[in-house]
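Next come the chains, spelled out residue by residue.
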Amino acid sequence: MNMPVKKIGAEGVAPSAGATAPVVAMTPKRPPLAETSARMARETAVRVIPPLVVLALLMLVWELICRRAGSTLPPPSKVFKDTKELILDPFFDHGGIDKGLFWHLSASLQRVAYGYSIAAVVGIALGTLVGQSVWAMRGLDPLFQVLRTIPPLAWLPLSLAAFRDGQPSAIFVIFITSVWPIIINTSVGIRNIPQDYRNVAAVVQLNPLEFFGKIMIPAAAPYIFTGLRIGIGLSWLAIVAAEMLIGGVGIGFFIWDAWNSSHISEIILALFYVGIIGFVLDRLIAGLGRFVTHGTAQN
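About the thresholds
- Residues numbered from 1 in each chain as written.
- Predicted model: local features only at pLDDT ≥ 70, side-chain atom pairs only at ≥ 80, totals over all residues.
- Heavy atoms only, no water.
- Helix = DSSP H or I, 4+ residues; strand = E, 2+ residues; numbered from the N terminus.
- Expected span 1.5 Å × (residues − 1).
- Bend = angle between axes of the 7 residues up to and from the residue.
- Phe/Tyr/Trp six-rings, centres within 6.5 Å; stacked < 30°, edge-to-face > 60°.
- Buried < 20%, exposed > 50% of the residue type's maximum accessible area, 1.4 Å probe, protein only.
- Polar contact = N/O pair within 3.5 Å; in protein donor to acceptor, adjacent residues only side chain to side chain.
- Contact = heavy atoms within 4.5 Å.
- Salt bridge = Lys/Arg side-chain N within 4 Å of Asp/Glu carboxyl O.
- Core = buried A, V, L, I, M, F, W, Y, C linked by side-chain atoms within 4.5 Å.
- Axes fitted to C-alpha atoms, helices over the stretch in contact; angles between N-to-C directions.
- Parallel < 35°, antiparallel > 145°, perpendicular 65-115°, else oblique.
- Left-handed = near helix turned anticlockwise from the far one by under 90°.
- Nonpolar A, V, L, I, M, F, W, Y, C, P; charged D, E, K, R; others polar.

Below, the discussion takes up helix α1 (residues 33–66). Look at α1: 48 Å from first C-alpha to last across 34 residues, which is about the 50 Å you get at 1.5 Å a residue. When the local axis directions of α1 are compared, the greatest deviation, roughly 30°, occurs at A45.

Next up, the structure:
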């Protein structure tokens, strides 16, 4: 007769009938530090190397084209040579408008901060009103659609006549330029709030202030931050153009003064800084939007 053969466990002892094998909790292994660092380095390289390669190619083409005889624009090598002092010492202040680029950029950023902050508050408030009220939308939306098509600099003579000073005039131009996309996007976000959210608010009997803070703003936040991103870009565009006309300290006036002095290299350097700061401002608003909306705002 064949006898049943018991299978021997890993420890050399056959498990008894009815006994359950012990369960060993396996803790996930953390990747080594070197592996994590290598992965982060690869991700950074994928993001950084292509723009650097494209930039290097553009600089090479620019250098080759502008080195030819008869070229009216300086090559990158000459731009750096002509503006080396401005690059290395952006903080000098010799009084009046004879200042380093840091002071011109900071003056422009201060004007943008004032005008854009006012536009954000007014734009979100009016956008909420238009999106929530049918009567407000019918009355105000056509007016907004007409006013937003007026070019920013067309407002400057009117603001100078009203304020009789360059500083508030520039702030007003920034405000009137950036407020429209904030209003429009906020109103669209408010109108697109799901009806289920409104039903829940009615069931729990939220008052208007609670409904605004707990339902409307969180639900419409992706739309609001889209408008805020468009607005900050328009603000930076408007201030550079406005400062060319109002004078004083500012990156726009610096560009116009460099043109009057035939310093083309200084204009190119200023445009480089304008582009970099505009990109940084857009990234800041985009990052804030992702943080507030938990990643639902558009990149």
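From this point, things continue past the structure.
Right, let's talk about the packing of aromatic side chains for a bit. Scanning the model with the defined rule gives 7 aromatic pairs in all. Where F144 meets W180, the ring centres are 5.7 Å apart and the plane angle is 45°; that geometry is what we call tilted. Taken together, the positions of F144 in helix α4 (residues 134–147) and W180 in helix α6 (residues 166–191) put the pair 36 residues apart, joining distant regions of the chain. Per residue, the accessibility class of F144 equals that of W180, and both read buried. Ring centres of F163 and F172 lie 6.0 Å apart, and the angle between their planes is 55°; on these two criteria the pair is classed as tilted. The partly exposed category is assigned to F172, whose relative accessible area is 22%. Here the aromatic cluster, defined as three or more aromatic residues joined through ring pairs, consists of W155, F163, F172 and F175.

Moving on to the side chain of S178. Mapped onto the elements, S178 comes out in helix α6. Within the structure, the side chain of S178 is placed 2.8 Å from the backbone oxygen of I174, a separation counted as a polar contact. Looking at S178, its side chain comes within polar contact range of the side chain of S235, at 3.3 Å. If we skip the residues at most four places from it in the chain, S178 touches Y116, A119, G231 and S235.

Here the focus is the pattern of salt bridges. Following the criterion strictly, the structure yields 7 salt bridges and no others. With a closest N to O distance of 2.5 Å, E63 and R67 form a salt bridge. With a relative accessible area of 14%, E63 lands in the buried category. Residue classification places R67 among the exposed positions, given a relative accessible area of 59%. The salt bridge involving D282 is made with R283; its shortest N-O contact spans 3.3 Å. Residue classification places R283 among the partly exposed residues on the basis of a relative accessible area of 35%.

Membership of the largest hydrophobic core comes to 45 residues, with the highest contact counts inside it found for V112, Y116, L228, W236, I239 and I251. Counting only elements with at least two residues in this core, the list comes to α3 (101–132), α6, α8 (208–246), α9 (251–260) and α10 (264–293). Excluding its chain neighbours within four sequence positions, the residues that come into contact with I251 are L101, H104, L105, S108, W236, V240, E243, A270 and V274.

With their axes 7 Å apart at the nearest point, α6 and α8 run at an angle of 155° to one another. Considering their axes alone, α6 and α8 lie roughly antiparallel with respect to each other. You can see that α6 and α8 cross each other, and the crossing is right-handed.

The principal kink in helix α2 (residues 76–88), of about 55°, is found at D82. Taken together, the buried positions of α2 are occupied by P76, V79, T83 and L86. Of the surrounding secondary structure, the elements contacted by the buried residues of α2 are α1, α3, α9 and α10.

Secondary-structure assignment places F279 in helix α10. Sequence separation of F279 and G233 is 46 residues, and the distance between their C-alpha atoms is 8.5 Å.

Quick look at the packing of α3 against α6 now. How two helices sit against one another is set out by the angle between their axes and by the gap between those axes. Interhelical geometry of α3 versus α6 gives an angle of 30° and a closest axis separation of 6 Å. Put simply, α3 runs roughly parallel to α6. As α3 packs across α6, the resulting crossing turns out to be right-handed. Residues that form the contact of α3 with α6 fall into these classes: 18 nonpolar, 10 polar and 2 charged.

Positioned with a positive phi, R164 is a non-glycine residue whose angle comes to about 55°. Take R164: it is sitting in the loop between α5 (156–163) and α6. According to the relative accessible area criterion, R164 is exposed, its value standing at 73%. Positive phi, close to 60°, is recorded for Q205, a residue that is not glycine. Owing to a relative accessible area of 69%, Q205 belongs among the exposed residues under this scheme.

The next subject is the environment of G287. The topology assignment puts G287 in helix α10. Residue classification places G287 among the partly exposed positions, given a relative accessible area of 25%. Spatially, the C-alpha atoms of G287 and F225 are 9.9 Å apart, while their sequence positions differ by 62 residues.

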